Amino acid sequence: MTLPRIVIERCQYLARCSEEPGAITRPFASEAMRCANELVGDWMREAGMAVRRDNIGNLRGRFEGAGETLLLGSHLDSVRDAGKYDGPLGVAVAIAAVQRLHDAGRRLPFAIEVLAFADEEGLRFGSTYLGSRAVAGTFDLADLDRVDADGVTIRDAIRAFGGDPERIDGDKWSGGRVLGYCEVHIEQGPILESRDLPVGVVTAIAGQERHRITFTGEAAHAGTTPMDQRRDALVAASVFVQAVEGYASSTDGMVATVGQLSVRPGAANVVPGEVTLSLDVRHADDALRLMASRHLLDVAAEIAKHRGIGIKTNQISEDATVSCSRRLVSTFSQAVRDLGHPVVELASGAGHDAVAMSALTEVGMLFVRCKGGISHNPAESVTTDDVAVAIDVLSRLLELLAES
Ligand SMILES: [Zn+2]
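Rules used throughout
Residues numbered from 1 in each chain as written. Predicted model: local features only at pLDDT ≥ 70, side-chain atom pairs only at ≥ 80, totals over all residues. Heavy atoms only, no water. Helix = DSSP H or I, 4+ residues; strand = E, 2+ residues; numbered from the N terminus. Rg over C-alpha atoms; globule rule 2.2 N^0.38 Å. Contact = heavy atoms within 4.5 Å. Areas by Shrake-Rupley, 256 points an atom, 1.4 Å probe, with all protein chains shown as cover. Lys, Arg positive; Asp, Glu negative; His and termini not counted. Charge placed at Lys NZ, Arg CZ, Asp CG, Glu CD. Axes fitted to C-alpha atoms, helices over the stretch in contact; angles between N-to-C directions. Parallel < 35°, antiparallel > 145°, perpendicular 65-115°, else oblique. Left-handed = near helix turned anticlockwise from the far one by under 90°. Donors = N, O, S within 2.8 Å, 3.2 Å for Na, K, Ca; no water. Buried < 20%, exposed > 50% of the residue type's maximum accessible area, 1.4 Å probe, protein only. Expected span 1.5 Å × (residues − 1). Core = buried A, V, L, I, M, F, W, Y, C linked by side-chain atoms within 4.5 Å. Disulfide = S-S within 2.5 Å. Phe/Tyr/Trp six-rings, centres within 6.5 Å; stacked < 30°, edge-to-face > 60°. Lys NZ or Arg CZ within 6 Å of the ring centre and 35° of its normal. Salt bridge = Lys/Arg side-chain N within 4 Å of Asp/Glu carboxyl O.

Engineer: Quick one: what's the story with the overall build of the chain, residue by residue and with numbers?
Structural biologist: A tally of regular secondary structure across the chain gives 11 helices and 16 strands. Against the 2.2 N^0.38 benchmark of 22 Å for 404 residues, the chain shows a C-alpha radius of gyration of 22 Å, consistent with a compact globule. Taken over the C-alpha atoms alone, the chain extends approximately 80 × 45 × 35 Å along its principal axes. Looking at the chain alone, contacts between residues at least 24 apart form 78% of all its contacts between residues at least 6 apart. Element-wise, carbon and sulfur atoms account for 49% of the exposed surface of the chain, whose accessible area totals about 16,800 Å². Computing the positive centroid from 41 side-chain charges and the negative centroid from 56, the chain places the two 2 Å apart.

See below:
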């Protein structure tokens, strides 16, 4: 079987590691993740890498070489009911590029470490980049007290998974000079498809922030509480959801989303007393993003005040826009050109582990066309031909870095 075909098959095979039968849901430090780590560990070893798992739960495969180290990687966790390629494709393509060197009996003038990150999506704990932050040395120890929906802390989840939460500091990169971090990822957008191109070179990753907002009204009997005497938290929340859409739609390049909503007590015959929702705001211009989030939080406060409802807001995360390094952008571009493809440069609206890794070293990313630009959805799809281009480009990048 050809290497590109193997990569596709591996992504499909990983789909079996899931918490939900018939769907892909692979949260941080879960049994599904343990299953994925076992498979990926085998593939890494097959490609000539020494494999270990760190405390946060990242899998690290090292292909020895002289002196410095080039880091490659992506994530193995997923959103709920995910596609097969968001994350795993980048890991599988990186392993394939190393496999090619291994099969040829070659070593480069630098070592390669493939990082399969434990948490990028933040499905279980609502916090992003736990895995890559640990490697970059920016893991916030206060995060250990975060709890999942079952009240399990990150600390306990790490312990149950076999890591030592008191030694997350030890996960920080300590292997000497790093050449950079490169990540292959599906585009998750429509640009490459619309331009009929297999891959694109990423120039920047748009900044984003997440908030949790709680509207607290008063639960009451749906049959006996007159309409003018209600303090309905869900109605307040729904007005806010519409305001978010309206504001983002009227600002160029802005995207804002309420993707989670929990209604309490959540019964058909009870006026909703409390609603907690998520707010996600992104823009490639950090100043515009900050202005937007300030405005939207003010709007939420006004809606609450107007309706006599309590409000609590809590910022969950903030990541500034990250620029890919000129050196890696131009090397990726050269690799794409060398393989006979036109070069398109694009910004990423989605966050990636490269954001966290930029605290450690310079970063570069290659996007792979995905069908219909669809992602975070079981319909996620890539072609074997495009995967072949991605492996070739990454292999060519390794050659170019080795020559320089
Ligand atoms: Zn991803």
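Engineer: How would you explain the packing of helix H1 (residues 3-14) against helix H11 (residues 384-403) if you had to name every residue and give the values?
Structural biologist: When two helices pack together, their arrangement is given by the angle between the helix axes and the distance between those axes. Packing of H1 against H11 leaves a shortest axis separation of 8 Å and a crossing angle of 110°. Here H1 is positioned roughly perpendicular relative to H11, judged by the angle of their axes. The way H1 lies across H11 gives a crossing that is right-handed. The segment H1 lies against H11, with Leu3, Pro4, Arg5, Val7 and Ile8 engaging Thr384, Val387, Ala388 and Ile391.

Engineer: Got a sec to walk through the coordination of the zinc ion? Specific residues and values, please.
Structural biologist: Taken together, His75 (NE2), Asp86 (OD) and His185 (NE2) make up the full set of protein donors to the zinc ion, lying 1.9 to 2.1 Å away. According to the relative accessible area criterion, aspartate 86 is buried, its value standing at 6%.

Engineer: How would you explain helix H2 (residues 31-46) if you had to name every residue and give the values?
Structural biologist: Taking 1.5 Å as the rise per residue, H2 with 16 residues should run 22 Å; its terminal C-alpha atoms sit 23 Å apart, in good agreement. Residues of H2 that are buried: Ala32, Met33, Ala36, Asn37, Leu39, Val40, Gly41, Trp43 and Met44. Residues of H2 that are buried sit in contact with H1, strand E1 (50-53), strand E2 (59-63), helix H3 (88-103), strand E4 (111-117) and helix H5 (154-161). Glycine 48 sits one or two residues past H2 and shows a positive phi near 90°.

Engineer: Can you tell me about the nonpolar core, naming the residues and giving the values?
Structural biologist: The biggest cluster of nonpolar side chains holds 97 residues, and the ones touching the most others in it are Phe28, Val40, Leu89, Ile95, Ile112, Leu366 and Leu394. The contact partners of isoleucine 95, leaving out residues within four places of it in the chain, are Arg10, Val40, Trp43, Met44, Ala47, Met49 and Val114. Core analysis: the second largest hydrophobic core is formed by 22 residues, Ile213, Ala237, Ala292 and Ile309 among them.

Engineer: Tell me about the state of the cysteines, and please be specific about residues and values.
Structural biologist: Under the definition given, this model contains 1 disulfide. Note that cysteine 17 is cross-linked by a disulfide to cysteine 35, the S-S spacing being 1.9 Å. In this structure, the disulfide formed by cysteine 17 and cysteine 35 twists by about -60° around the S-S bond and is classed as left-handed. Remark: cysteine 35 occurs in helix H2 and cysteine 17 occurs in the loop between H1 and H2; sequence separation between them is 18 residues. The exposure class of cysteine 17 is buried, given its relative accessible area of 1%. On the basis of relative accessibility, which here comes to 29%, the residue cysteine 35 falls in the partly exposed class. Among the cysteines around cysteine 324, which has no disulfide bond, cysteine 182 carries the closest sulfur, lying 9.0 Å off. Assessed through its relative accessible area of 7%, cysteine 324 is described here as buried. No disulfide involves cysteine 370; its nearest neighbouring cysteine sulfur is the one of cysteine 11, lying 13 Å away. With relative accessibility at 2%, the residue cysteine 370 sits in the buried group.

Engineer: Before we move on, could you go through the packing of aromatic side chains and cite the residues and values that matter?
Structural biologist: In total, this model carries 3 aromatic pairs according to the counting rule given. Aromatic side chains phenylalanine 28 and phenylalanine 125 sit 6.1 Å apart centroid to centroid with 75° between the ring planes, which places their arrangement in the edge-to-face category. Taken together, the positions of phenylalanine 28 in the loop between H1 and H2 and phenylalanine 125 in the loop between E4 and helix H4 (130-136) put the pair 97 residues apart, joining distant regions of the chain. The exposure classification of phenylalanine 28 matches that of phenylalanine 125, with both residues buried. Aromatic side chains phenylalanine 117 and tyrosine 181 sit 6.1 Å apart centroid to centroid with 55° between the ring planes, which places their arrangement in the tilted category. Of this pair, phenylalanine 117 sits in strand E4 while tyrosine 181 sits in strand E5 (residues 178-186), and the two are 64 residues apart along the sequence. Assigned by exposure class, phenylalanine 117 and tyrosine 181 land together as buried. It is arginine 107 that lies over the ring of phenylalanine 63; its NZ or CZ is 4.0 Å from the centre.

Engineer: Give a detailed account of the pattern of salt bridges, specifying residues and quantitative values.
Structural biologist: Between side chains of opposite charge, a pair can form as their charged atoms come close. Using the criterion set out here, one finds 31 salt bridges in the structure. A salt bridge links arginine 62 to glutamate 64, with the shortest nitrogen-to-oxygen separation between them at 2.7 Å. Take glutamate 64: its relative accessible area is 43%, and that puts it in the partly exposed class. For the salt bridge of arginine 231 with glutamate 218, the shortest nitrogen-to-oxygen distance reads 3.9 Å.

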